[in-house]
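Listed below, chain by chain, are the residues.
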Amino acid sequence: MIEKYEKFLEVLGDDLKKIFEYQQEYIFCKEGCAHCCKQGDFPLSELEYKYLMLGYEKLNEETKSIIQENIKNTKKGNTDSYICPFLINNKCSVYNNRPIVCRAFGVLTEDASGNPSYPLCATMGLNFSQIYDKEKGHLSSELYKKRGFKIFPKIFRLSNKVVMNIPLAKELNLEFGEAKKMIDFL
């Protein structure tokens, strides 16, 4: 199953690369910028969790210890929105094994209900902030025109529910299993 999932991630990665390239004039993600990892509930499926833990098992004992302490501290606090326990020094310690939601962070997507979902960083002067109207809570075609961008960004259907049901997932006969917040798996 893991080999099939890695094939799935390879194809998904190619598609996400094209999406990021399409929206590149609005995206300012770079290594060390971890705003998206500091506030979320990080939904993932059982399959994604198993894959995440394969990455965890490859880590050295010191890093594992830090992650375990992060998990313990997260469970003591608010588990509706929290810092990802795998984030260490503003870097993902399991980057190659991160969940789908993390792979798609930064672009315009829709949530599980089909509503537009803007990256948290749009309100922080980063991704899409040049055309994000904070007062109205959505992208502004006025700001888009005023600032002379080449393309108006579109919203991609990248919720876990949608991605886990794309034809490739069915073709590979992937069983994602139950989905829940990352902290609920840990």
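This one's a predicted model, so the numbers in the text were calculated from it and none came from an experiment.

So, how was this worked out
- Residues numbered from 1 in each chain as written.
- Predicted model: local features only at pLDDT ≥ 70, side-chain atom pairs only at ≥ 80, totals over all residues.
- Heavy atoms only, no water.
- Helix = DSSP H or I, 4+ residues; strand = E, 2+ residues; numbered from the N terminus.
- Buried < 20%, exposed > 50% of the residue type's maximum accessible area, 1.4 Å probe, protein only.
- Patch = residues over 30% accessible without salt bridge, like charges linked within 9 Å, V, L, I, M, F, W, Y side chains within 5 Å.
- Areas by Shrake-Rupley, 256 points an atom, 1.4 Å probe, with all protein chains shown as cover.
- Salt bridge = Lys/Arg side-chain N within 4 Å of Asp/Glu carboxyl O.
- Lys, Arg positive; Asp, Glu negative; His and termini not counted.
- Charge placed at Lys NZ, Arg CZ, Asp CG, Glu CD.
- Core = buried A, V, L, I, M, F, W, Y, C linked by side-chain atoms within 4.5 Å.
- Contact = heavy atoms within 4.5 Å.

**Considerations on unusual backbone geometry**
Among all residues save glycine, negative phi is the norm, and among peptide bonds the norm is trans.
No. 1: Notably, Phe 42 is not glycine yet its phi reads approximately 50°, a positive angle.
No. 2: Topologically, Phe 42 is positioned in the loop between helix H1 (2–22) and strand S1 (43–45).
No. 3: Its relative accessible area of 2% is what places Phe 42 among the buried residues.

**Digging into a negative patch on the surface**
No. 1: Judged by side-chain charge, Asp 41, Glu 46, Glu 178 and Asp 184 come together as a negatively charged surface patch.
No. 2: Among the secondary structure elements, Glu 46 is positioned in helix H2 (residues 46–57).
No. 3: With a relative accessible area of 31%, Glu 46 lands in the partly exposed category.

**Comments concerning the nonpolar core**
No. 1: In terms of nonpolar packing, the biggest core is built from 31 residues, with Tyr 5, Phe 8, Ile 100, Leu 158, Leu 174 and Phe 176 touching the most fellow members.
No. 2: Every element with two or more residues in this core is listed here: H1, H2, helix H4 (100–104), helix H5 (141–147) and helix H7 (167–171).
No. 3: Sort the elements by how many residues they give to this core and H1 lands first, with 6 residues.
No. 4: Beyond its immediate chain neighbours, meaning those up to four positions away, Phe 176 contacts Tyr 5, Phe 8, Ser 45, Glu 46, Leu 47, Ile 100, Met 164 and Ala 169.

Spatial relationships are all this shows, so hold off on functional conclusions.
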